[in-house]
Amino acid sequence: MEAMVSTVKGWQENPVKFARSHGVSLSPEAEECGSGQKGIHILIVEGFLIYNYKPLIDVYDRCFYISLPYEECKSRRSTRTYTVPDPPGLFDGHVWPMYLKHRKQMESQCDRIEYLNGMMAIDDIYTLVFESIQNALLNNS
């Protein structure tokens, strides 16, 4: 987690330089921003424990969390194909209890989370996140 905090902070200091140093190709617009012009750069940090480490939470501008009810989560997981399949009872005996434990911890550490309904269509979730980020950018300019 400390390495992730360091990586995010490195990106925040200079997104263009960071991208170049990590072999990420940039659009011409982003390249212009690297030459001293101000631009908007967005980094998406994704993972299921990204709100459980306070130093990492502190570097986020926006926090989104997509949640699913138990039955839907179990159903979706059962349709995945893993190289090593889940042993019987893993979801109920480990996955779901750990999800509940980490979600409770997350909720106690981060009060800026925007909760999104994972039952919505992915395009609708995208639109909600896009509009939230867009509004934040407009309000900060």
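Residues numbered from 1 in each chain as written. Predicted model: local features only at pLDDT ≥ 70, side-chain atom pairs only at ≥ 80, totals over all residues. Heavy atoms only, no water.

Peer 1: Mind showing me how you'd approach the pairing of strand β1 (residues 63-67) here?
Peer 2: As a general feature of sheets, a regular strand has side chains that alternate between the two faces. For β1, the buried fraction is high: four of the five residues fall into the buried class. Taken together, the five bridges between β1 and strand β2 (residues 113-117) define a ladder with parallel strand orientation. Bridge pairing in β2 links I66 to L116. (Buried < 20%, exposed > 50% of the residue type's maximum accessible area, 1.4 Å probe, protein only. Helix = DSSP H or I, 4+ residues; strand = E, 2+ residues; numbered from the N terminus. Pairing = 2+ DSSP bridges.)

Peer 1: Where do I start with helix α7 (residues 122-140) in this structure?
Peer 2: Think of an α-helix as 3.6 residues a turn; residues three or four steps apart then line up on the same face. Relative to the 27 Å expected for 19 residues at 1.5 Å per residue, α7 spans 27 Å between its end C-alpha atoms, a close match to the ideal helical length. By the burial criterion, the buried members of α7 are I125, S132 and A136. The arc that holds the buried residues of α7, viewed along the axis, is 35°, so those residues lie on one side. Structural note: α7 exposes D123, Y126 and L138 on the side pointing more than 90 degrees away from its buried face. In this fold, the buried residues of α7 make contact with β1 and β2. (Expected span 1.5 Å × (residues − 1). Arc of directions from axis to C-beta. Contact = heavy atoms within 4.5 Å.)

Peer 1: Can you help me understand the pattern of salt bridges in this one?
Peer 2: Oppositely charged side chains can form a pair if their charged atoms are brought close together. This structure, assessed with the given rule, holds six salt bridges. Linking K54 and D58 is a salt bridge whose minimum nitrogen-to-oxygen distance equals 2.9 Å. Residue classification places K54 among the partly exposed residues on the basis of a relative accessible area of 43%. (Salt bridge = Lys/Arg side-chain N within 4 Å of Asp/Glu carboxyl O.)

Peer 1: How do you make sense of the environment of H22 when you look at a structure like this?
Peer 2: Mapped onto the elements of the fold, H22 is located in the loop between α2 (15-21) and α3 (28-34). A C-alpha to C-alpha distance of 23 Å links H22 and I57, two positions 35 residues apart in sequence. For H22, the side chain forms a polar contact with the main-chain oxygen of F18, separated by 2.8 Å. (Polar contact = N/O pair within 3.5 Å; in protein donor to acceptor, adjacent residues only side chain to side chain.)

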